[in-house]
Amino acid sequence: MKLYYSPNTCASADHIVLEWIGKPYETQRLSREERAMPAFRAINPAGAVPVLEVDGWVLTQNAAILNYLADTFPEAKLGGDGTPKGRAEVNRWLAFVNSDVHPAFKPLFGATAYLADATMIEKTKENAKTSLRALFARADAQLADNDWIAGMRSIADPYLFVTLRWAKGQQVDLSGLDHLATFMDRMEADPAVQKVLQEESY
């Protein structure tokens, strides 16, 4: 298995999951410029990470990669408790992070720069922060009675962790979300997470 990634992207979630699984894998670190080069575009025309390569087969899209890893290595127990309900809970919260939380960051990452109006751009950023605060409050409520977002450690947790790191870097207000803070502490204390963060030089 080979993971193509760039630091501080959602690919860090896959990197952590690979460490949790504990099977041999390799990584290739890419800069934004390298992702735009023909060599990488031949692997993923979108020029995006993560990309997972397995015996010549190329898989893109974060949710697809995370589910593939959970299914391929069920002994890691990252895809639920083995029941349809357990798997649905994992996918519920994976979808929440992938489809609701992650896209909400777009204005903070420059997606509205095309407006060419500083006031309007700033307004989109503030709206994004407000939306993200509400989304993270939902995650905080879920974590009130759970150590992990889906009730058990799963592929959804590293993705949530990555978005929380983005939130801190973008000054999203996370004050009072104590269950999320405890979750962050738990993740940051994990040896596999520490290894990935060090390798990616956060």
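Since we're looking at a predicted model, the values are computed, not measured.

This part takes up the packing of helix α1 (residues 11–21) against helix α7 (residues 156–169). Between two packed helices, what matters for the description is the angle formed by their axes and the separation of those axes. Between α1 and α7, whose axes approach to 8 Å, the crossing angle comes to 140 degrees. As the angle between them shows, α1 and α7 are arranged oblique. Between α1 and α7 lies a crossing of right-handed hand. Each of Ser 12, Ala 13, Ile 16, Val 17 and Trp 20 in α1 lies in contact with α7, whose residues at this interface are Asp 157, Pro 158, Tyr 159, Phe 161 and Val 162. Here the contact of α1 with α7 is composed, by residue class, of eight nonpolar, one polar and one charged.

The next point concerns the nonpolar core. Leu 132, Phe 136 and Leu 160 are the most contacted members of the largest nonpolar core, which has 63 residues in total. For this core, the element with the most residues is α7, which contributes eight residues. Contacts of Leu 160, omitting those with residues within four sequence positions, involve Val 97, Phe 136, Ala 139, Leu 143, Ile 149, Leu 180 and Phe 183.

Overall, the coordinates contain seven salt bridges when judged by the stated rule. We note a salt bridge from Glu 19 to Lys 195, for which the minimum N-O separation is 3.4 Å. Here the residue Glu 19 occupies a position in helix α1, and Lys 195 occupies one in helix α9 (residues 191–199), the gap between them amounting to 176 residues. Residue Glu 19 is classed as buried on the basis of its relative accessible area of 17%. Lys 195 sits in the partly exposed class, given a relative accessible area of 45%.

Among all positions of α9, only Ala 192, Val 193, Val 196 and Leu 197 are buried. When α9 is viewed along its axis, its buried side chains cluster within an angular range of 135 degrees and face the same direction. Of the exposed residues in α9, the ones pointing more than 90 degrees away from its buried face are Pro 191 and Gln 198. A distance of 2.8 Å separates the backbone nitrogen of Ala 192 from a side-chain oxygen at the start of α9, and that oxygen is part of Asp 190. At the C-terminal side of α9, Ser 201 shows a positive phi close to 55 degrees.

Quick look at helix α4 (residues 62–72) now. By the burial criterion, the buried members of α4 are Asn 62, Ile 65, Leu 66, Asn 67, Leu 69 and Ala 70. Buried residues belonging to α4 abut α1, β3 (51–54), β4 (57–60), α5 (84–104) and α7.

Criteria and cut-off values
- Residues numbered from 1 in each chain as written.
- Predicted model: local features only at pLDDT ≥ 70, side-chain atom pairs only at ≥ 80, totals over all residues.
- Heavy atoms only, no water.
- Axes fitted to C-alpha atoms, helices over the stretch in contact; angles between N-to-C directions.
- Helix = DSSP H or I, 4+ residues; strand = E, 2+ residues; numbered from the N terminus.
- Parallel < 35°, antiparallel > 145°, perpendicular 65-115°, else oblique.
- Left-handed = near helix turned anticlockwise from the far one by under 90°.
- Contact = heavy atoms within 4.5 Å.
- Nonpolar A, V, L, I, M, F, W, Y, C, P; charged D, E, K, R; others polar.
- Core = buried A, V, L, I, M, F, W, Y, C linked by side-chain atoms within 4.5 Å.
- Buried < 20%, exposed > 50% of the residue type's maximum accessible area, 1.4 Å probe, protein only.
- Salt bridge = Lys/Arg side-chain N within 4 Å of Asp/Glu carboxyl O.
- Arc of directions from axis to C-beta.
- Polar contact = N/O pair within 3.5 Å; in protein donor to acceptor, adjacent residues only side chain to side chain.

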